[in-house]
Amino acid sequence: AMRVCSVFFLVLFVGHVSAQPGAPLAGPTITETHSLQGIPNALTVTLRANADATSNFQVTVSGLTNSPTPDTSSLAIQLGFSGATVAPGTWTKSDGRVVFVVSPSGSLASTTNQVYTFQLINPLVPQAAKSIDIGVNSGSLAAVQASNVFVATTPPAWETKTISESLANGESGGMNTLTLSIKPNTGFQQNDQITISGLSTSSAGSVDILANGGSQPFTTPATLAGGSLVLIFGQTGDTAPTTYSVKFVLNNKIFAQAAVTPSISLTGYPAGLSSPSSLGTAIQGVSSVMLGASVTQSQPDQPGVTNTLTFAFTPNKVLAAGTAVTISGLTGSATPDAANLHVAGPKFSSTGNWVQSTGTLTLTTLFSIPAGQQVSVAAALTNPLWYSPAKQPVISISGFPNKSTDTTVLAITKRFLIKSVSESSTVRSAPNTLTFTVRPNIDLPQGAIITIGNLVGTGVTSLTGLVSSPAGVVTETWDGTAGTLLLTVASGQAVLKTTNTVITVPLANPSTAQPSRTPPTISSAGFPQSDFDGHVLRATTNRQFMQPSLSESTNVQGVANELTFKFTPNFALSPNDAVVVKGLTGSGTAGSQMTFNNLGGNVFQSSGIWNQNAGELTLSVSAASPALTPIAVSFTLKNPVTAQSPPSVTTESSSLGVASTPVGGNVFRAGVPLSFVTKTVSDSHSFANAANEITFSLRPNANIEPGTEITIKGLASVTSPWQAWTVYQKSTIFEPVVTPPTTAPWNLKFKTASTLQSNVTTVFSIRMQNPATGTGVSPTISATGVSDAVMDRPSSNLILSA
């Protein structure tokens, strides 16, 4: 509706009007509130009579031409004085005339300034100066030259109309706060409708008004439809021209677009306000951006392996075929430069240009990519070989701001590429040297600390100066209670990522087995704690004498037998440790002491304890012997005098925790009787009554000890027995005969003065006189423990024949 609708229309009651002759008007004037074209204008007429008025009178104002106000008989007249009332007036548009009747309340004094106000719509176009006539009753009229009244020189217009936005950077899809500042030169009336058109939005519905002018004159929410926002002025009554600030939020569009310039209009006002008028500022432009960018990888945190990186992004603007897409920030990959690196993506050429030094991959679109369509492409790169921080790739397209992916790739965390451990012993309580081999994937400089944990239970309280590393690359701090070893990289040194660093640590195994013990751990600043590859300090092996064996020098009954005892302890022997050999029963060796002969190294003391009845031998360690060192010792026992089954020989050490272990060898059987393997006799001739030299050759199958009596029988035909002993007594192997035989049967008995060796044939001779006649004899020989046996002769001839 036109603003003229806001003029009040009242019912007019016209009464009788009487004139007072000779009462001219005194100083009539007319004023207006504004000169805005087509806008209701309050006109004020002021006059004073030259005499008191006591009856009704009629006031006529004419000359208000060209107003668009329609004819009415109920034009509201407002009084600006007291002492009278006024009825609604009559307005005639054709001649621009207003007529109304004033009714005094008694007598209206001539001194009263009569002020009358009514409202008409100003002409729609500027007017020339007007001559406005004001009269009372039908009498004379007074002309008022009012050149500046009702000429409508000022068109309705916006004194202020601006709009601004919070997202001047053109953020795609962002919540954009728009601020509207408006001020019409007409002011506003209640229910005025302001329309902001040309907004960039596909939304419709209600929009909250976030901030209004101080009086909150606009109704909230406002209505949004078809890109137009309609504001309703809710304040009662007309207002003077005032600047109002209105804020509301519209989301920017997703896809790229140029900024728009909205217009403003005020419904029901002349063209200067009702016609859409540009707000003068372009807003709601949406920049070309990538709506999202992501990357995934097939082999995260795997050094040196092929890792397929899949990139995805969504442009908010069409990408033409042939558009270059650059992905940067992929430094650290071990893939060398490749001008034709294979890539896979339905919208891209099959190869891209890869530059290792800059970590840049350049791709080319093969087809156009619609705005808002997510596109993906994959490329296989080799992960870094060494430690590498995470990389956040950046996707770059000409005309688009760079877009970082929402995830990172190609990260290789700090770790030990090699972290192995081995040990020198698995024996409980035994010294155990641990060998740690480490290689980090980043150089550890001086001052860096490597922590090795889970070494509890070793019983070692100090390692000062005992930890070994190449060129002293680390120094140690040991906490035996916590089982933690801190290795600090020494000044001027480094633990290199390209070299294995070997560190040896002398510890000791726990006293009890720990089969479920977890491996030692390793960590350093920035390195996650991890287990070593290898189990140590489990102490799963009992102390034992490995591969014990006995060998002997002879199996002959009743003779001295040199036994050799060999074994390999799986732990280190210390001085005064005791080693026991049991089961050597049947020996003829008496006494309680035994002499030993160390075969290689003086491991055992030279004498030990011998228990003949029990067949038990105890050896005492003289000098320390490392674990797994073969040990051999010999000692001599006299074999049993009769054959026996091999005794069950064992070795043990209760004091060292070594259980009884069978000793191999099947010795001490005494299965062979003592005998002479060589026992020959010969003489020099067979002349009767002549001196004859008889030669004996003897070799026993075992050494015959000094003092053993040997008897040769069968020399019965000797005639001068005393001559025999003269020669015999010259032999140093035998003792002199105490009582030479003087009568038949002339048995020859003598004792050994020294050992009769089994590996040497002993030859000696005696001189005897042949008989006068005879066929000769065949002597026999026997000895202590040796049965009588016929001596062998070189020929079939008997000896001492004549």
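Because the structure is a prediction, the values reported are computed rather than measured.

The rules behind the values
Residues numbered from 1 in each chain as written. Predicted model: local features only at pLDDT ≥ 70, side-chain atom pairs only at ≥ 80, totals over all residues. Heavy atoms only, no water. Helix = DSSP H or I, 4+ residues; strand = E, 2+ residues; numbered from the N terminus. Rg over C-alpha atoms; globule rule 2.2 N^0.38 Å. Buried < 20%, exposed > 50% of the residue type's maximum accessible area, 1.4 Å probe, protein only. Lys, Arg positive; Asp, Glu negative; His and termini not counted. Charge placed at Lys NZ, Arg CZ, Asp CG, Glu CD. Core = buried A, V, L, I, M, F, W, Y, C linked by side-chain atoms within 4.5 Å. Pairing = 2+ DSSP bridges. Patch = residues over 30% accessible without salt bridge, like charges linked within 9 Å, V, L, I, M, F, W, Y side chains within 5 Å. Areas by Shrake-Rupley, 256 points an atom, 1.4 Å probe, with all protein chains shown as cover. Salt bridge = Lys/Arg side-chain N within 4 Å of Asp/Glu carboxyl O. Phe/Tyr/Trp six-rings, centres within 6.5 Å; stacked < 30°, edge-to-face > 60°. Lys NZ or Arg CZ within 6 Å of the ring centre and 35° of its normal. Polar contact = N/O pair within 3.5 Å; in protein donor to acceptor, adjacent residues only side chain to side chain. Contact = heavy atoms within 4.5 Å. Axes fitted to C-alpha atoms, helices over the stretch in contact; angles between N-to-C directions. pLDDT = per-residue confidence, 0-100.

(A) A look at the overall build of the protein. Helix and strand counts for the protein stand at two helices and 54 strands. At 68 Å, the protein has a C-alpha radius of gyration far larger than the 28 Å of a compact globule built from 802 residues. Based on the C-alpha atoms only, the size of the protein along its principal axes is roughly 230 × 60 × 45 Å. Classification of the 802 residues of the protein by burial places 44% in the buried group. Counting 34 positive and 32 negative side-chain charges, the protein places the centres of these two groups 7 Å from one another.

(B) Up close: the nonpolar core. Ranked by size, the top nonpolar core spans 30 residues in total, and within it Leu550, Phe565, Leu584, Phe604 and Phe635 carry the most contacts. Mapped onto this core, the elements with two or more residues apiece are β38 (545-552), β39 (560-569), β40 (578-582), β44 (616-620) and β45 (631-638).

(C) Just the pairing of strand β50 (residues 709-713), in detail. Bridging between β50 and strand β51 (residues 748-751) involves four bridges; their strand directions are antiparallel. By the bridge assignment, Ile710 is partnered in β51 with Phe750. Taken together, the four bridges between β50 and strand β53 (residues 780-783) define a ladder with antiparallel strand orientation. The residue of β53 that forms the bridge with Lys713 is Thr780.

(D) Layout of a nonpolar patch on the surface. A contiguous nonpolar surface patch, about 250 Å² in accessible area, is contributed by Ile254, Phe255 and Leu291. Of note, Phe255 is situated in the loop between β18 (244-251) and β19 (263-266).

(E) Region of the structure containing the packing of aromatic side chains. Inspection of every chain in the model, using the stated rule, returns 18 aromatic pairs. Considering the side-chain rings of Phe545 and Phe567, the 5.0 Å spacing of their centres and the 65° angle between planes classify their relative orientation as edge-to-face. With Phe545 in strand β38 and Phe567 in strand β39, the pair connects residues that are 22 residues apart, well separated along the chain. A relative accessible area of 1% means that Phe545 is categorised as buried. An aromatic cluster is defined as three or more aromatic residues linked by ring pairs; in this entry it consists of Trp158, Phe188, Phe218, Phe233 and Tyr244. Geometry around Tyr387 places Lys414 over its ring, the cationic atom sitting 5.3 Å from the centre. A cation over a ring is seen here: Arg543 above Phe571, with NZ or CZ 4.5 Å from the ring centre.

(F) A look at the side chain of Ser396. Looking at the element boundaries, Ser396 is found in strand β28 (residues 394-397). Among the polar contacts listed, one links the side chain of Ser396 to the side chain of Asn402, at a separation of 2.9 Å. The residues contacting Ser396, other than those within four sequence positions of it, are Ala324, Val325, Thr326 and Asn402.

(G) Just the environment of Thr323, in detail. You can see Thr323 is positioned in the loop between β22 (306-315) and β23 (324-328). When the C-alpha positions of Thr323 and Leu466 are compared, they lie 66 Å apart, and in sequence the two are 143 residues distant.

(H) Here's a closer look at the sheet that holds strand β41 (residues 593-595). Spatial ordering of the open sheet is given by β41-β43-β44-β40-β46-β47, a layout of six strands whose pairing is antiparallel. Each edge of the open sheet carries a strand with a single partner, namely β41 and β47 (658-662). Taken pair by pair, the neighbouring strands of this sheet meet at an average axis angle of 25°, ignoring direction.

(I) Structural detail: the side chain of Asn598. Tracing the sequence through the fold places Asn598 in strand β42 (residues 597-598). Within the structure, the side chain of Asn598 is placed 2.7 Å from the backbone oxygen of Phe604, a separation counted as a polar contact. Other than its neighbours up to four places away in sequence, Asn598 contacts Val603, Phe604, Ala632 and Val633.

(J) Region of the structure containing the sheet that holds strand β49 (residues 691-700). With antiparallel pairing, the three strands of this open sheet are ordered in space as β48-β49-β52. Two strands in the sheet have a free side with no partner beyond their single neighbour: β48 (676-683) and β52 (762-769). If you compare each strand with its neighbour and ignore which way they point, the axes differ by 15° on average.

(K) Just the environment of Thr179, in detail. By the secondary structure assignment, Thr179 is in strand β13 (residues 175-184). Distance in space between the C-alpha atoms of Thr179 and Asn500 is 68 Å, their sequence separation being 321 residues. Among residues more than four places away in sequence, those in contact with Thr179 are Thr162, Ile163, Ser164, Ser245, Val246 and Lys247.

(L) The pattern of salt bridges, seen in detail. Applying the stated criterion across every chain yields a total of seven salt bridges. A salt bridge links Asp301 to Arg415; the shortest N-O distance between them is 2.2 Å. Taken together, the residues span a long stretch of sequence, with Asp301 in the loop between β21 (290-297) and β22 and Arg415 in the loop between β29 (403-404) and β30 (416-423) at a distance of 114 residues. By relative accessible area, which is 24% here, Asp301 ends up partly exposed. Asp792 is the salt-bridge partner of Lys679, the closest N and O atoms lying 3.8 Å from each other. Here Asp792 lies in the segment after β54 (786-790) and Lys679 lies in strand β48, a separation of 113 residues in the sequence. Of the residues examined, Asp792 reaches a relative accessible area of 37% and is grouped as partly exposed.

(M) Inspection of unusual backbone geometry at higher detail. In this structure, the amide linkage connecting Thr220 to the following residue, Pro221, adopts the cis form with an omega of 5°. The backbone of Leu410 shows a phi angle near 60°, a positive value even though the residue is not glycine. For Leu410, the position within the fold is in the loop between β29 and β30. Positive phi is not limited to glycine here, since Asn454 has a value of about 65°. As for its placement among the helices and strands, Asn454 is situated in the loop between β32 (449-453) and β33 (474-479). Accessibility expressed as a relative area gives 24% for Asn454, which makes it partly exposed.

(N) Main features of the confidence of the model for the protein. Summarising the model, the protein shows a mean pLDDT of 88, and 91% of its residues fall at 70 or more. In this model, residues 1-25 is a region of pLDDT below 50 whose contacts with residues beyond four sequence positions or in other chains number 62 contacts. In the model, residues 720-727 has pLDDT below 50 throughout and makes 15 contacts with residues more than four positions away in sequence or in other chains.

(O) Main features of the pairing of strand β37 (residues 527-531). Where strand β36 (residues 521-524) meets β37, three bridges bridge the pair, whose relative direction is antiparallel. Residue Ile522 lies in a different strand from β37, and its bridge partner there is Ser530. The antiparallel hairpin formed by β36 and β37 contains two residues in its connecting segment, where Gly526 sits at a positive phi of about 85°.

(P) Expanded view of the environment of Glu476. Note that Glu476 resides in strand β33. As a C-alpha pair, Glu476 and Gly80 span 396 residues in sequence and 107 Å in three-dimensional space. If sequence neighbours within four positions are ignored, Glu476 has contacts with Leu463, Thr464, Gly465, Leu466, Val467, Leu485, Leu486 and Leu487. At a separation of 2.9 Å, a polar atom in the side chain of Glu476 contacts the main-chain amide nitrogen of Gly465.

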